[in-house]
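Chain residues, written in single-letter form:
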Amino acid sequence: MAVEQTPAQTGAQSRIHNIGYRSYDGQRLGRAYARRSLYSQSLRGSYGLGRSAKSKVLPMVLFAVMCVPAAIMVAVAVATKATKLPVEYTNYAIIMQAVIGLYVASQAPQAVSRDLRFKTVPLYFSRPIETADYVRAKFAALASALFLITAVPLIVLYAGALLAKLDFTDQTKGFLQGLVSVALLSLLFAGIGLVISAVTPRRGFGIAAVIAVLTISYGAVSTLQAIADAQTMGDGQGSSSAASWIGLFSPITLIDGVQTAFLGATSSYPGGVGPSAGEGVVFLLAVLGLIAGCYGLLMRRYRKVGL
């Protein structure tokens, strides 16, 4: 049998909650703040900062692997009172290109693949941020991360050279040339890594694809350059530009060609002969064209994804 409640009992159990929305009266920071925040978060993520401990292991290990050889070279130069460093500033990144490629392969997919996989890109664009803001922030963040991992070893070499009392003018000039070289390398590798990674939402596929593109292209170009150089020397005609032109088809040999032509670097091409100044213009245009092309492809990709 139902028991009728008194008005007092009904009032004691009843509550009126005001869950209405209130307007936001705070400062609206706008697109610039959103872009800076996305850049900062992406840059920190490139070294595992703000993420799990497991995410920090690989980028930090690769960073250490890049710096340790430079520290060893400095120690040897100081101990032996050498008159010059074992490696030129412009050649250090070329020698360590495998480590740089592995870093790009591990961090480029991390920067974009998760947003694609979990379909969070449209959420970014629902806020005061546009396609260009997203692409620029991600591109700048990965390029900055790459610049850090390639420039810090050069700083170690430069500091060691000054400690070893090597010529200040020569070392400063070489150091600045090295910074220009790794800045170009960082932009180029970041663009290539992001374009490849943005194709697939699966991080594993992105890692494998980036490694394949960077490694296979460098291996194929180096082999063809060696064959061309050996054939030219066998014909007794001296060094030819054939090996130089082949360098257009690999990112790392492109950078090598630019710094050989314009930054006074010693070429790592077979025979030690890189592009001339005239050929170097083509190499520089190819590098700048690839960077611009990667940016354009990313813009096109995210215009579709953001819908």
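Higher on the page you've got the structure.
Residues numbered from 1 in each chain as written. Predicted model: local features only at pLDDT ≥ 70, side-chain atom pairs only at ≥ 80, totals over all residues. Heavy atoms only, no water.

The subject of this paragraph is the overall build of the chain. A count of helical and extended segments in the chain gives 12 helices and zero strands. For the chain, the α and β elements follow one another from N to C terminus as α-α-α-α-α-α-α-α-α-α-α-α. Counting the 307 residues in the chain, one finds 43% classified as buried. Long-range pairs, those at least 24 residues apart, make up 76% of the contacts in the chain with a sequence separation of at least 6. Per element, the accessible surface of the chain, about 16,500 Å² overall, is 65% carbon and sulfur. (Helix = DSSP H or I, 4+ residues; strand = E, 2+ residues; numbered from the N terminus. Buried < 20%, exposed > 50% of the residue type's maximum accessible area, 1.4 Å probe, protein only. Contact = heavy atoms within 4.5 Å. Areas by Shrake-Rupley, 256 points an atom, 1.4 Å probe, with all protein chains shown as cover.)

This model, assessed by the stated rule, comprises one cavity of 30 Å³ or more. The computed volume of the largest cavity comes to approximately 40 Å³. What lines the largest cavity is simply Val112, Tyr134, Val135, Lys138, Phe139, Leu194, Leu298 and Tyr302. Elements with a minimum of two residues in the lining of the largest cavity: α7 (131-163) and α12 (277-305). If one sorts the elements of the lining of the largest cavity by residue count, α7 sits on top with four residues. Partitioned by chemical class, the residues of the lining of the largest cavity number seven nonpolar, no polar and one charged. (1 Å grid on protein atoms, 1.4 Å probe; cavity = no way out; pocket = protein on both sides within 12 Å on 5 of 7 lines; lining within 4 Å. Points joined across faces, edges and corners; volume = space filled by probe spheres on them. Nonpolar A, V, L, I, M, F, W, Y, C, P; charged D, E, K, R; others polar.)

Moving on: the pattern of salt bridges. One pass over the structure, following the stated rule, counts four salt bridges. In this structure, the salt-bridge partner of Asp133 is Arg35, at a minimum N-O distance of 2.6 Å. You can see Asp133 sitting in helix α7 and its partner Arg35 sitting in helix α2 (residues 30-45), a full 98 residues away along the chain. By relative accessible area, Asp133 is classed as buried at 0%. Classification of Arg35 by relative accessible area gives partly exposed; the value is 28%. Across the pair Lys138 and Asp115 runs a salt bridge, and its minimum N-O distance is 3.7 Å. Taken as a pair, Lys138 in helix α7 and Asp115 in helix α5 (residues 97-117) lie far apart in primary sequence, 23 residues in all. Among the ionic contacts, a cluster of salt bridges with common partners joins Arg31, Arg35, Glu130 and Asp133. (Salt bridge = Lys/Arg side-chain N within 4 Å of Asp/Glu carboxyl O.)

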